[in-house]
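Chain and residue survey
Chain by chain, the residues run as shown.
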Amino acid sequence: MKLKWTTKKLTLVIIPDAAQPVVRFRISHLLAYIAAACFSMLLLILIIACALQSKLNGVHQQWKATLTNKNLTIEHLQNEIIQLSQQAEQMKADVEEIKKIEKDLKSISLLNSDSSSGKDIPTIGSIESDPALGSPGIGGGPIPASQEEIMKLGGQTLASFSELNTEIKELQTSFRATKQKAAMKQQQLRVTPTLWPTTTKVVTSTFGYRKDPFTYRPSFHSGIDFGAKENDPVFATADGKVVRTGTDRFHGNNIVIEHSKGLRTWYMHLNKILVQTGDLVEKGNTIGLVGSTGRSTGAHLHYEVLKNGESTNPKPYLNATRKDD
Ligand SMILES: [Zn+2]
């Protein structure tokens, strides 16, 4: 009874054309069900496969886009590493240039005791392009850089920047010290009598032994005589304080200025004194006029430099001229 339905048959009729005979198929119910089930299963599998394929395609496209983006990002970062490494090289060259400027500055200002000139050893990045050649062209074979090489370059660049950071800090300290030394040197120069006291450079009598112009006997001349004309200006040869003005039969009208480190300058035989005791004067100020007062044979300036009260040869001090000369 149970297998009754399996014996039943189904008849499939195919009518191809009116003129042709009808084709009949007789199949059992069981076979029909199996065929229908197989067809349904096949259809289902096909639908699932299509859906999966579509899903996979979407994921693949998304992954491909992500990969492309990542590759572009990596390429961009690699180019930035290369650019940074080039910047590091340029900065090295700049730092070397700054070091050279500081060295020159020390040399000019005589701030460095070790100012011996030696040939600088060329350093990395010190080669400069010739501006006359304009913007130089670049080229070469297309050799792609590997990831390892870029990573190595990145490491080297990082080390270069670290090194540069240290060097810049050292330079800052060094420049501060140089600035301080330069300021001290400037101040020292201001209070050192380096200026010529007259507009004329004519020296009529030097420091040392000579025949006295009055007695014609050997005598010691404790200063330098400048053959200036009467009423020519007499300049303070350094910043200082007027510590004495006066007149006597030997020195005539005279001025003494105190500067620094026990240095004083003495200006004699003036026709006129233009400062007073206690005045603060600056290097180059006019303090009097040339004359022939006191023990003098004619208009001139007798100029002395005293170190700790002792007359010393003024000549080594006379190495600067007035700005408006
Ligand atoms: Zn003299």
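Identification of the protein chain as M23 family metallopeptidase from Paenibacillus sp. SYP-B3998 is taken from an unreviewed UniProt entry.

What follows covers the side chain of His-269. The residue His-269 is located in strand E10 (residues 263-273) in this model. His-269 sits in the buried class, given a relative accessible area of 5%. Here Thr-293 takes part through its backbone oxygen, which lies 2.7 Å from a polar atom of the side chain of His-269.

Turning our attention to the UniProt feature "transmembrane region" (unreviewed entry) in the protein chain. UniProt records the feature "transmembrane region" (unreviewed entry) at residues 29-52, using the numbering of this structure. Taken end to end, residues 29-52 comprises 100% helix and 0% strand; its first and last C-alpha atoms sit 34 Å apart.

Let us look at the side chain of Lys-283. Inspection of the secondary structure puts Lys-283 in the loop between strand E11 (280-281) and strand E12 (286-290). The side chain of Lys-283 is buried and forms no salt bridge, while Asp-239, the nearest opposite charge, is found at 6.9 Å. Beyond its immediate sequence surroundings of up to four residues, Lys-283 is in contact with Leu-189, Arg-190, Thr-192, Thr-194, Leu-195, Ala-236, Thr-237, Ala-238 and Asp-239.

Taken together, His-221 (NE2), Asp-225 (OD) and His-302 (ND1) make up the full set of protein donors to the zinc ion, lying 2.0 to 2.2 Å away. Site description for the zinc ion: donor spacing in sequence, H-x3-D-x76-H. Within this pair, whereas Asp-225 is found in strand E6 (residues 224-226), its partner His-302 is found in strand E13 (residues 301-307), the two being separated by 77 residues in sequence. What makes Asp-225 buried here is its relative accessible area of 7%. Since its relative accessible area comes to 6%, His-302 is described here as buried.

Reading the values: the criteria
Residues numbered from 1 in each chain as written. Predicted model: local features only at pLDDT ≥ 70, side-chain atom pairs only at ≥ 80, totals over all residues. Heavy atoms only, no water. Helix = DSSP H or I, 4+ residues; strand = E, 2+ residues; numbered from the N terminus. Buried < 20%, exposed > 50% of the residue type's maximum accessible area, 1.4 Å probe, protein only. Polar contact = N/O pair within 3.5 Å; in protein donor to acceptor, adjacent residues only side chain to side chain. UniProt positions renumbered as here; feature names shortened; annotations may be inferred. Lys, Arg positive; Asp, Glu negative; His and termini not counted. Salt bridge = Lys/Arg side-chain N within 4 Å of Asp/Glu carboxyl O. Contact = heavy atoms within 4.5 Å. Donors = N, O, S within 2.8 Å, 3.2 Å for Na, K, Ca; no water.

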